[in-house]
Structure formats: C-alpha cells, structure tokens
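# Geometric and topological summary
Listed below, chain by chain, are the residues.
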Amino acid sequence: MTTELRLLAASVILGLVHLIAASHLISFQYGYRWTASSREEPVQTLLGLANRVDQATTNFLETFPFFAALVLAAHVISHHSLLTLWGAHLYFWARLGYLVAAAAGYGLLRSVLFWNTALAGIVLFLIALLW
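What counts, and at which threshold
- Residues numbered from 1 in each chain as written.
- Predicted model: local features only at pLDDT ≥ 70, side-chain atom pairs only at ≥ 80, totals over all residues.
- Heavy atoms only, no water.
- Helix = DSSP H or I, 4+ residues; strand = E, 2+ residues; numbered from the N terminus.
- Contact = heavy atoms within 4.5 Å.
- Buried < 20%, exposed > 50% of the residue type's maximum accessible area, 1.4 Å probe, protein only.
- Core = buried A, V, L, I, M, F, W, Y, C linked by side-chain atoms within 4.5 Å.
- Phe/Tyr/Trp six-rings, centres within 6.5 Å; stacked < 30°, edge-to-face > 60°.
- Lys NZ or Arg CZ within 6 Å of the ring centre and 35° of its normal.
- Patch = residues over 30% accessible without salt bridge, like charges linked within 9 Å, V, L, I, M, F, W, Y side chains within 5 Å.
- Areas by Shrake-Rupley, 256 points an atom, 1.4 Å probe, with all protein chains shown as cover.
- Salt bridge = Lys/Arg side-chain N within 4 Å of Asp/Glu carboxyl O.

### What to know about the side chain of Ser27
- As for its placement among the helices and strands, Ser27 is situated in helix α1 (residues 3-30).
- With residues up to four places along the chain from it excluded, the contact list for Ser27 reads Tyr32 and Thr35.

Here is the structure:
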C-alpha cells in the first residue's frame, strides 16, 4: 500500500472522528432524546464547542471527496511522485490541525493556516496528475 493510500485511509478515520465527535457534542447540547427523534422540530443554534466541531465536520466533508478522488486517480494510473506524497501529507496533517484549531476556538489559525495548507495538498495532487 502506498503512503498516499495510507493517508487516505487515515483521512477516512479522521472523518469518522469528526462525525462521532460532532454527533455526541450536538447530542450533549440538544439531548439524546432529540438525537433519536425525527428532528423535525426547530432547535436553537448550536453554541460553543458543538458548533465549532460541527462546522469543522462540514468543512472536512466538503474537501474530502476531492482529495479521495485525486488519491484514487493517482493510484489507478500508478502515478506516485514527491508531489503526490507531499500533497497527501499536507492534506491529512492540515485537516487534523484544522479540527484541533476549530475545537480550541482558533478561527484565524484554523482558516489561514490549516485550510489553506489542506488546499495546497489538493493542488499538489492536481499538478502531479496534470503535468
């Protein structure tokens, strides 16, 4: 298994951590009875940690399909290079940093450093595959 595929698998695990953490934090705020309900009643806006982790989860789910598609495309055509290796590392570690920074409430660090670094990882994959 290539390093890029390992980091893709690690990113899947990170995605599950996002979902589980957000789910439990939302349930702590709204109650597990709400979680088990049809969720059709209006609820108050999420606050604090639950809101930050939920937003980080949404953001992860917006970028992950692009990363996964590029890793799988590189694997299918057997194109592995320093750019794909760096791209995979940048994406995974930046997404992990994004979750930690979001949970800690460091919005500027989260967005400026970690989101842009994850995007750079995706761009490196694109460059590697297109050139």
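Read on, since the account is not over.
### Regarding unusual backbone geometry
- The phi dihedral of Arg39 falls on the positive side, at around 60°, and the residue is not glycine.
- On the basis of relative accessibility, which here comes to 46%, the residue Arg39 falls in the partly exposed class.
- For Ser78, which is not a glycine, the phi torsion comes out positive at approximately 55°.
- On the secondary structure map, Ser78 appears in the loop between α3 (48-76) and α4 (82-104).
- By relative accessible area, which is 58% here, Ser78 ends up exposed.

### Some details on the nonpolar core
- In this structure, Leu8, Phe64, Phe67, Val71, Tyr91 and Phe125 are the most contacted members of the largest nonpolar core, which totals 31 residues.
- Sorting the residues of this core by element identifies α1, α3, α4 and α5 (107-130) as the ones contributing at least two each.
- It is α3 that provides the largest number of residues to this core, a total of 10 residues.
- With residues up to four places along the chain from it excluded, the contact list for Val71 reads Glu4, Leu5, Leu8 and Phe125.

### So, the side chain of His18
- In this structure, His18 sits in helix α1.
- With residues near it in sequence (within four places) discarded, His18 still touches Val53, Ala56, Thr57, Phe60 and Leu99.

### Here we look at the environment of Ala50
- Along the polypeptide, Ala50 turns up in helix α3.
- Setting aside anything within four residues of it in sequence, one finds Ala50 in contact with Leu25, Ile26 and Gln29.

### What about the packing of aromatic side chains?
- Under the defined criterion, the tally for this structure stands at six aromatic pairs.
- Chaining the aromatic ring pairs together yields one cluster made of Phe67, Tyr91 and Phe125.
- Positioned above the aromatic ring of Trp34, the side-chain terminus of Arg39 is 4.8 Å from the ring centre.
- Just above the ring of Tyr98 sits the side chain of Arg95; from NZ or CZ to the centre is 4.4 Å.

### A short note on a nonpolar patch on the surface
- A grouping of Leu83, Trp115, Leu119, Val123, Leu126, Ile127, Leu130 and Trp131 is seen on the molecular surface, where their side chains present a nonpolar patch of about 780 Å² in accessible area.
- The dominant element in the nonpolar patch, judged by the number of residues it contributes, is α5, at six residues.
- Locating Trp115 in the fold gives a position in helix α5.
- By relative accessible area, Trp115 is classed as partly exposed at 31%.

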